[in-house]
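# Breakdown of the fold
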Amino acid sequence: MGKKHLDYLFYDPKWEPPEVIYGEDLLQEFTKDIENYAVSTMQIPWNIVKGKISNLPQKVIFVESMELPVIEKLEKKVPPVQLVMGIGGGSAHDFAKYIALKKQCRIYQVPTIIGGDASVTNAIGIRDGGKVKYIAHVFIDKVLIDYKLLSQAPQKLITCGAADILSSHTALYDWKIASDRGKEKFNEKIYMQAREEFLSELKDNKIEIKKATKKGIKTIIELYLKYAKIANLIGTDRAQEGSEHFFAYNAEYVTKKHFIHGEILTIGILVSSYLQNNNFEEIFKLINDMGMQYQISSVGLNEEEFTEIMKTMNKFVIEGGYYYSIFNEVRIKPSHIRELLKLLM
Ligand SMILES: [Zn+2]
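Residues numbered from 1 in each chain as written. Predicted model: local features only at pLDDT ≥ 70, side-chain atom pairs only at ≥ 80, totals over all residues.

A separate point is the sheet that holds strand β2 (residues 37-41). The parallel open sheet is built from six strands, whose spatial order is β1-β8-β5-β4-β2-β3. The open sheet terminates on both sides in strands that have one partner only, identified here as β1 (19-23) and β3 (59-62). Here the strands of the sheet are splayed against their neighbours by 20° on average, with no regard to which way each runs. The sheet contacts of helix α4 (residues 90-103) involve β2, β4 (83-88) and β5 (106-111), and relative to β4 the element is tilted by about 170°. (Pairing = 2+ DSSP bridges. Helix = DSSP H or I, 4+ residues; strand = E, 2+ residues; numbered from the N terminus. Axes fitted to C-alpha atoms, helices over the stretch in contact; angles between N-to-C directions. Contact = placed C-beta atoms within 7 Å.)

Structure follows, in structure tokens:
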């Protein structure tokens, strides 16, 4: 047993990243000596991996939703285990963290797509009445980055993982205005590091990311770890999370649909950088260069839904008590929505 998982949100200044193992056929190797373990997954990833595991798990749980009452019920079906593996995308990883917390067992995360940073971060993203909430601090033992497995994913479900890094572009802007208005503490050094160092690293690797090469995948994962490190260090994830995330959360809340985090976040980044007047053209081009989808239809949104999300953004962030951001300053007008719809079709 590793460290005890904590049932409250916690930033650890001495945070050490999980051990990340890059390779091929890792599942075979890492399930070999485990006596009993559970798997948190979904139907598609499980169908891809199940034939590759010789030592099958005690229990396989398919994540239906991250709504609190649902996960509470599902977790009770898991017997005591030594280890839980999250195999799939964000929801599989978040539910695996929830099992790890409840069972106080070790946890390995195995992404089969790269839709966001849930596989490396400590907090669990749950849904409470349709709204995203972060709880707990889970110590992840290992993250298995299996290139062979990831090569079976549609390329767009790898490249969209870059959104959880590019979100820094708009999040940093929000952080800066929050601090300028005296709403928030600021850390100039971290701000500059994220802006100059981390975002440059992403841009320098845009072709590798577009092609979903090993180098591209590794770049994304390593940058996730860097952001997790600074968030733990300064006690806030403001360098990575701002209005673009709030757009994604409201999209889910308004439509009741499930989105791939990186895909809906890409739209959020474009909306925010447009409203912030924050290098929209450059970001739009970068998103294209990285092969990320930016059309609202490509993430499963229609015009009416997009309009409704935008119309309710100001209310959503203020009532939800989210970080101070561009949505506290710009009142969304029909002209914003019209213009954005033209750009994102
Ligand atoms: Zn995110």
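Let us now look at the packing of helix α12 (residues 261-276) against helix α13 (residues 280-289). Orientation of α12 relative to α13, taken along the N-to-C sense of each, is 165°, at an axis distance of 9 Å. By the angle between their axes, α12 is roughly antiparallel relative to α13. α13 is crossed by α12, and the crossing has left-handed handedness. Contacts between α12 and α13 involve Thr266, Ile269, Leu270, Ser273 and Tyr274 on the former and, on the latter, Phe280, Ile283, Phe284 and Ile287. Class assignment for the residues of the contact of α12 with α13 results in seven nonpolar, two polar and no charged. (Parallel < 35°, antiparallel > 145°, perpendicular 65-115°, else oblique. Left-handed = near helix turned anticlockwise from the far one by under 90°. Nonpolar A, V, L, I, M, F, W, Y, C, P; charged D, E, K, R; others polar.)

Turning our attention to the domain arrangement of the chain. The domain architecture assigned to the chain consists of domain 1 (19-150) and domain 2 (156-343). Look at where the C-alpha atoms of domain 1 and domain 2 centre, and you get two points 25 Å apart. Contact residues are listed per partner, giving 17 residues for domain 1 and 20 residues for domain 2. Contributions of two or more residues to the side of domain 1 that touches domain 2 are made by β1, β7 (131-135) and α5 (147-150). The residue makeup of the side of domain 1 that touches domain 2, split by class, is nine nonpolar, six polar and two charged. (Domains from an automatic or database assignment.)

Counting buried positions along β4 yields six of six residues, so the element is predominantly enclosed. Where β2 meets β4, five bridges bridge the pair, whose relative direction is parallel. Bridge pairing in β4 places serine 40 opposite glycine 86. Relative to β5, β4 runs parallel, the two being bridged by six bridges. If you follow leucine 83 over to β5, its bridge partner there is arginine 106. Handedness of the β-α-β unit built from β4, α4 and β5 comes out right-handed. (Buried ≥ 20, exposed ≤ 12 C-beta atoms within 10 Å, placed from the backbone. Right-handed = clockwise from strand over helix to strand, strands pointing away.)

The next point concerns the nonpolar core. Core analysis: the largest hydrophobic core is formed by 99 residues, its most contacted members being Val84, Met85, Ile107, Ala162, Ile220 and Tyr227. It is helix α10 (residues 214-234) that contributes the most residues to this core, nine residues altogether. Structurally, this core is a two-domain feature, drawing no fewer than three residues from each of domain 1 (19-150) and domain 2 (156-343). Not counting residues up to four positions away in its chain, the partners in contact with valine 84 are Tyr37, Ala38, Ser40, Ala96, Ile99, Ala100, Lys103, Cys105 and Ile107. (Core = buried A, V, L, I, M, F, W, Y, C linked by C-beta atoms within 7 Å.)

Counting buried positions along β2 gives five out of five residues, so the element sits mostly inside the fold. The two faces of β2 match: Tyr37, Val39 and Thr41 on one face and Ala38 and Ser40 on the other face are all buried. Pairing analysis gives four bridges linking β2 to β3, with the strands arranged parallel. Looking at the pairing, threonine 41 lines up with phenylalanine 62 of β3. Taking the sense of rotation as the criterion, the β-α-β connection linking β2, helix α2 (residues 43-49) and β3 turns out right-handed.

The next subject is the packing of helix α8 (residues 188-204) against α10. At a minimum axis separation of 11 Å, α8 and α10 run at an interaxial angle of 175°. Viewed along their axes, α8 and α10 adopt a mutual orientation that is roughly antiparallel. On α10, the residues touching Ile190, Ala194, Phe198, Glu201 and Leu202 of α8 are Thr219, Leu223, Lys226, Tyr227, Ile230 and Ile234. Looking at side-chain class alone, the contact of α8 with α10 contains eight nonpolar, one polar and two charged residues.

This next bit is on the environment of valine 143. Following the sequence through the fold, valine 143 ends up in strand β8 (residues 142-146). Taking C-alpha positions, valine 143 is 23 Å from phenylalanine 259, a pair spaced 116 residues apart along the chain. Sequence-distant contacts of valine 143, defined by excluding residues within four places in its chain, comprise Pro18, Val20, Gln109, Ser119 and Val120.

As for its placement among the helices and strands, aspartate 128 is situated in strand β6 (residues 124-128). A residue is classified by how many C-beta atoms lie within 10 Å of it, and aspartate 128, with 12 of them, is exposed. Spatially, the C-alpha atom of aspartate 128 lies 8.5 Å from that of proline 69, the residues being 59 residues apart in sequence. Excluding residues within four positions of it along the chain, aspartate 128 makes contact with Leu68 and Lys133.

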